[in-house]
Each structure stands twice: as structure tokens, then as C-alpha cells.
Amino acid sequence: MSVRSIIATGLLAAGAVASPQWGGGWGYPKTVTVTSDHTVYKTVTKTGSCSGSSVTSFSSSSSHSSSASTSASASKSGSSSGSSSASSSASSSTSTVATTTTTSASNTVPTTTLLATATGHPLDVAAKAAGKLWFGTAADIPGTGEAQDPYWAAEFNSTDFGEATPANIMKFVFTEPEPNVFNYTGAEQFLSFVEGTGKLVRCHNLIWQSELPTWITNPTVNWTNATLTAALRNHVTNLVEYFGDRCYSWDVVNEAFSDNPAGAYASNVWFDTIGPAYVVEAFDAATQAVKAKNLAVKLYYNDYNIEYLGNKSYAAQNLVTELKGRGIQIDGVGLESHFIAGETPDKASQMANMQAFINLGVDVAITELDVRLNLPPNATTEAQQVLDYYNSVAACVAVGDGCIGVTVWDFDDEYSWVPGTFPGQGYADLFLSNGPNEPLTRKAAYDGCLQALTGAPESA
Ligand code: G3I
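As recorded in an unreviewed UniProt entry, the protein chain goes by the name Beta-xylanase, listed as coming from Meristemomyces frigidus. Recorded in UniProt under Catalytic activity (unreviewed entry), the annotation for the protein chain is "Endohydrolysis of (1->4)-beta-D-xylosidic linkages in xylans." As recorded by UniProt, the Pathway (unreviewed entry) comment attached to the protein chain reads in full: "Glycan degradation; xylan degradation."

The final tally for this structure, using the stated rule, is 10 salt bridges. As a salt-bridge pair, arginine 202 and aspartate 251 come within 2.6 Å of each other at their nearest N and O atoms. Here arginine 202 is found in strand β8 (residues 200–207), whereas its partner aspartate 251 is found in strand β9 (residues 249–254), with 49 residues between them in sequence. The exposure class of aspartate 251 is buried, given its relative accessible area of 1%. The partner of arginine 326 in a salt bridge is glutamate 322, with the nearest N and O atoms 3.1 Å apart. Take arginine 326: its relative accessible area is 54%, and that puts it in the exposed class. It is possible to trace a salt-bridge network through shared partners that takes in Glu188, Glu195 and Arg246.

Attention now goes to the side chain of serine 313. Position of serine 313 relative to the elements: it lies in helix α9 (residues 311–325). With near-sequence residues (within four places) excluded, serine 313 lies in contact with Asn305, Ile306, Tyr308, Asn353 and Phe357.

The final tally for this structure, using the stated rule, is two disulfides. Note that cysteine 203 is cross-linked by a disulfide to cysteine 247, the S-S spacing being 2.0 Å. The sign of the S-S torsion, about -85°, decides the handedness of the disulfide formed by cysteine 203 and cysteine 247: left-handed. Of this pair, cysteine 203 sits in strand β8 while cysteine 247 sits in the loop between α6 (225–243) and β9, and the two are 44 residues apart along the sequence. For the residue pair cysteine 203 and cysteine 247, the accessibility class agrees, reading buried in each case. Across a sulfur-sulfur distance of 2.0 Å, cysteine 396 and cysteine 403 are joined as a disulfide pair. Taking the torsion about the S-S bond as the criterion, the cysteine 396 to cysteine 403 disulfide, at about -100°, is left-handed. Accessibility assignment for this pair places cysteine 396 and cysteine 403 in one class, buried. Going through the protein chain in sequence order and numbering each bonded cysteine, the pairs you get are 1-2, 3-4.

Looking along the chain, the bond that leaves histidine 204 and enters asparagine 205 is cis, with omega of -20°. Mapped onto the secondary structure, asparagine 205 falls in strand β8. With omega at 0°, the peptide bond leading from asparagine 260 into proline 261 counts as cis. Structurally, the position occupied by proline 261 is in the loop between β10 (257–259) and β11 (262–265). At glutamate 211, a residue that is not glycine, the phi angle is positive and equals roughly 55°. A relative accessible area of 35% places glutamate 211 in the partly exposed class. Of note in the backbone geometry, asparagine 294 takes a positive phi value of approximately 50° without being a glycine. Mapped onto the elements, asparagine 294 comes out in the loop between α8 (277–293) and β12 (298–303). The class of asparagine 294 is exposed, set by a relative accessible area of 67%.

What follows is about the nonpolar core. Of all hydrophobic cores here, the largest spans 103 residues; its most connected members are Phe135, Ile207, Val240, Trp250, Val253, Trp270 and Phe283. Among the elements that take part in this core, α8 stands out by supplying nine residues, more than any other. Discounting chain neighbours no more than four positions away, the residues touching phenylalanine 283 are Val252, Val253, Leu299, Tyr300, Tyr301, Leu323, Ile328, Gln329 and Ile330. In terms of nonpolar packing, the next biggest core, distinct from the first, is built from seven residues, Trp409, Trp417, Phe422 and Ala428 among them.

Another point: the environment of tryptophan 208. Here tryptophan 208 shows up in the loop between β8 and α5 (214–217). In this structure the C-alpha to C-alpha distance between tryptophan 208 and valine 279, which are 71 residues apart in sequence, comes to 10.0 Å. Those residues in contact with tryptophan 208 that sit more than four places away from it in its chain are Lys171, Asn254, Glu255 and Trp270. A distance of 3.1 Å separates polar atoms of two side chains, one belonging to tryptophan 208 and the other to glutamate 255.

Along its 17 residues, α8 runs 24 Å from first to last C-alpha, staying within 8% of the 24 Å computed at 1.5 Å per residue. Listing the buried residues of α8 in full gives Tyr278, Val279, Val280, Ala282, Phe283, Ala285, Ala286, Thr287, Ala289 and Val290. Immediately downstream of α8, the backbone of asparagine 294 shows phi near 50°, a positive value.

Let's shift gears to the site of the ligand. What surrounds the ligand is a group of 16 residues, the closest being Lys171, His204, Glu211, Glu255 and Glu368. Glutamate 211 is positioned with one of its side-chain polar atoms (N or O) 2.6 Å from an oxygen atom of the ligand. Within the side chain of glutamate 368, a nitrogen or oxygen atom sits 2.7 Å from a nitrogen atom of the ligand. Calculation on the ligand without its partners gives an accessible area of 790 Å², and the protein chains cover 56% of this total.

Turning our attention to the pairing of strand β16 (residues 403–408). Taken residue by residue, a regular strand's side chains alternate between the two faces of the sheet. The buried count for β16 comes to six of six residues, which makes it a mostly enclosed element. Sheet analysis places strand β15 (residues 363–374) next to β16, joined by three bridges and oriented parallel. Bridged to valine 364 within β16 is cysteine 403.

Thresholds applied
- Residues numbered from 1 in each chain as written.
- Predicted model: local features only at pLDDT ≥ 70, side-chain atom pairs only at ≥ 80, totals over all residues.
- Heavy atoms only, no water.
- UniProt positions renumbered as here; feature names shortened; annotations may be inferred.
- Salt bridge = Lys/Arg side-chain N within 4 Å of Asp/Glu carboxyl O.
- Helix = DSSP H or I, 4+ residues; strand = E, 2+ residues; numbered from the N terminus.
- Buried < 20%, exposed > 50% of the residue type's maximum accessible area, 1.4 Å probe, protein only.
- Contact = heavy atoms within 4.5 Å.
- Disulfide = S-S within 2.5 Å.
- Core = buried A, V, L, I, M, F, W, Y, C linked by side-chain atoms within 4.5 Å.
- Polar contact = N/O pair within 3.5 Å; in protein donor to acceptor, adjacent residues only side chain to side chain.
- Expected span 1.5 Å × (residues − 1).
- Near = heavy atom within 4 Å.
- Areas by Shrake-Rupley, 256 points an atom, 1.4 Å probe, with all protein chains shown as cover.
- Pairing = 2+ DSSP bridges.

See the structure below:
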């Protein structure tokens, strides 16, 4: 079933064509309309009233009311104010979800959901068949307690995922809470959940402006260039040497560039004290650690809004050129890909950008993919989300081995970072779950990823 068949018509203006326009901020094109081919995709529209236990009957329709009064309560803490139990069973042509939904005053779950048709857990299998190293996911272990959610854990441990990224626990504040005092307890918890499962690990991240301990951000003695550089290099050296090749790669520096003006260095404690050289120092320290321990670990620069050609991407490209020119190791660039439905770079734009980095002699990886919607979601925005996921994954497939893999930034709306960061937005991940320890419902966005990996024709 092609992507076309999961872009339901009647939901989108037929015949429109992609018309990307430059956008600022997080998004790329401000308005994109998409072609659809009048294929009806069965939608799930709850016809019954929400009840505690009865299975609500569903109707299929070529279009459906987007009367969703959703205030999806997905939250990082996993505290959902509503509860529901849902089990999804997908047949070959359509999916139907038998859902019993309980709605509490503060939580109404989506009343319409574009559901996946795919069954099983083929994402990482399909990625490897397409020549990728993985289809992976971030996991906030031990942060949000998702590992204790049996439905989340079953999906995380499935063959959908061949890579795991620690969402938080390897960040500076957790690993060096006091000067030269290293705490790897949480990181070892993460690794104990992952190692031995065959998953590779993208270790994340060494130097960033966020999640820093107060001894860095509010030192008792003001930093000088020399003293802060020494602290930076010591952190990088200790973590690269401690974790060794348990990491497939490290995000050595995360998000060094600004969006305003795009491509300038962002102001942070590192830049403000050391200057742009802090990035070079971080990669140089990592390079020295790799050599000292004869490691195979790859060194990456990771950022957002560098998924399409523009000043921020050019700045990252220039960084690659500078580091290589100095003989400092950089193996890849992480394209975070935190997108907004309808403002996602189209496939051609993402391919051109990926190729620009590949031409410099580095790999690229999609490292933090999610596509958030304005809440409540509706069939139109969900269909756009499917296409945006499709185009992003298809771009990685289309450029060949230079794009080594795709990682989503968690797969379960319940544990997504989005609602807590962007009020009024959410529904960004591949699965819906209406509460911790509740069954997952697979969204059509999952099909978008799978179709891209298996080479289905593009819909637009
Ligand atoms: O661990 C503490 C917990 O002890 C405390 O009770 C709780 C309440 O304050 O906070 C917990 O820490 C939170 C942490 O996530 C772990 O769950 C922090 O407050 C919260 O700010 C942190 O947010 C993370 C954010 O990075 C900042 O580090 C998100 O989960 C994480 O998804 C997000 O991920 C970043 C990537 O690292 C870089 N690219 C962008 C991406 C999204 O912002």
C-alpha cells in the first residue's frame, strides 16, 4: 500500500501541490498543501459516547468530522489525567481500533485518529534492508519511568528499533554533578536496559548549553578562558574514555548555532567565555581520547534547523570543513528533525541538504525526528504528519549510505517532550497512548516511515 493510500482524500484539497515557502523559527515552509489521490483511508471516528468500558463502534468514511475536542495530555512526567484502554488490531487494508475510552473532566483523547495499517514490528528490519544501520528511538531512562511501562517497554524492545539514544541521562548535569566528580549510575541504568539487545547507542551529549550543573553556570570563582577550557576538555575526555565503544557515536557538541541570526554562534557559557573555539576544543579533546583508547566511536555535531539549506546549515557545514582542516575527527552531523506538520522541509530539500554534508566527507543521521501538531489533531493535520514523516525518512533512504539511520525522539506521545515545551502542540510521535501503562495505538505516521523505508512511491 503506497503512501498515497494513507493520505486520505476528502480530508485534503485534491490537486493541490506542494508549495514550500521559506519560514523562520522551527519550521521551513510556512504553507504546504499536498496532493492526494482520492484514496479513502479508513478513519476511526468514535460514534458512541465515551464510556467506561463499552467498545465504541466505529464508522469508516471518505471524510470525517474533525470534531476532535482533544486536549491530549501527553506529558513528560507520564501523568495523564485521563485513562483509556485500547488495543489496535490491523487488517491488511484498514485498521480498526477497539477502544474503550474514559474521559475525565480534564482529558479528552483524540476522537479521530488516522491509524496505521502496518502490523508487526518491521521498522528496523526495513531500515537495515534499505541499507541503514538502524531505525531507532530516544528513551528517557531512567528519567520519565517509561521503562516501567510494560506497553512502552514491549515496543522499545521490539524489532522496530535497532538503536537507542539516552534522552537525558548522559548530559553534563547528570554525569559530572560536581567538578571532576563523575556519576555514571543513571547512564549505566540506561545501558543495562539496552546492552545485549543488539541495539546500537548514540551517546548524547557532551557539550551543550542546557542541563549544566551550577558549578559550571554559577561558579564560585569566575571562569577564565583557560579554566573553563580545561573543565570542558576534562568532561569530554572522561566520558569518551569511560563509555568507550559502548557508544556507536557521541554528540560531541549540541546546538552551538543560533536561529537569530541563523548561523551565528549561540550565546552560552562556553561561547561567552571561550569563544567559538570551544567547539574545536571539544572535538579535539574527543579526538585525543579516541586515539588514546584506540576507539571506534564516531564523533558527531548535532543540531536542529540544519535539515535544509540555509545559513544555519551552512554554518554547520563550515564547522565540518574547519575541523577536518585542522585534522580533528568529525564523522557525522546529526539532523535533529524536530518538525511541525506542514512546516517540514520536503523530501528534495532534505536530500539536497544531506548531500551537502555528505559531499564534505561526513555521514548524516536523522537523530531526533518527531512531527508535532497543533492540538487538537484532525484528519488533515494527521495526514500532513504522515507525509512529513514519509518525506524525512525517504530523504535519508534516497541519499544512500551517507545517511546512516533515523532515530525518532521517543515513539510514544505519553512521554514526548513536546507538550511540556510547546503548549498547544503535541501528538508528535508514532504511537498514541492515553496514559502510562496503557496499550499503544499505532498511528498512520508509522506507515509513513515504513513506506519510506520500503521504497513506496512518494505521494506528492
Ligand atoms: O530528572 C529531573 C527530575 O529529578 C525532576 O524531578 C524533574 C522536574 O524538574 O526534572 C527532571 O529533569 C528533566 C529532564 O528532562 C529529565 O526528564 C528536566 O527538568 C527537563 O528539562 C529535561 O528536558 C529534556 C530537554 O532535552 C532538556 O534537557 C527533555 O526530556 C529532552 O527530550 C530534551 O531533548 C533535547 C535534546 O537533548 C537535544 N535536542 C533537543 C531535544 C528537545 O529539547
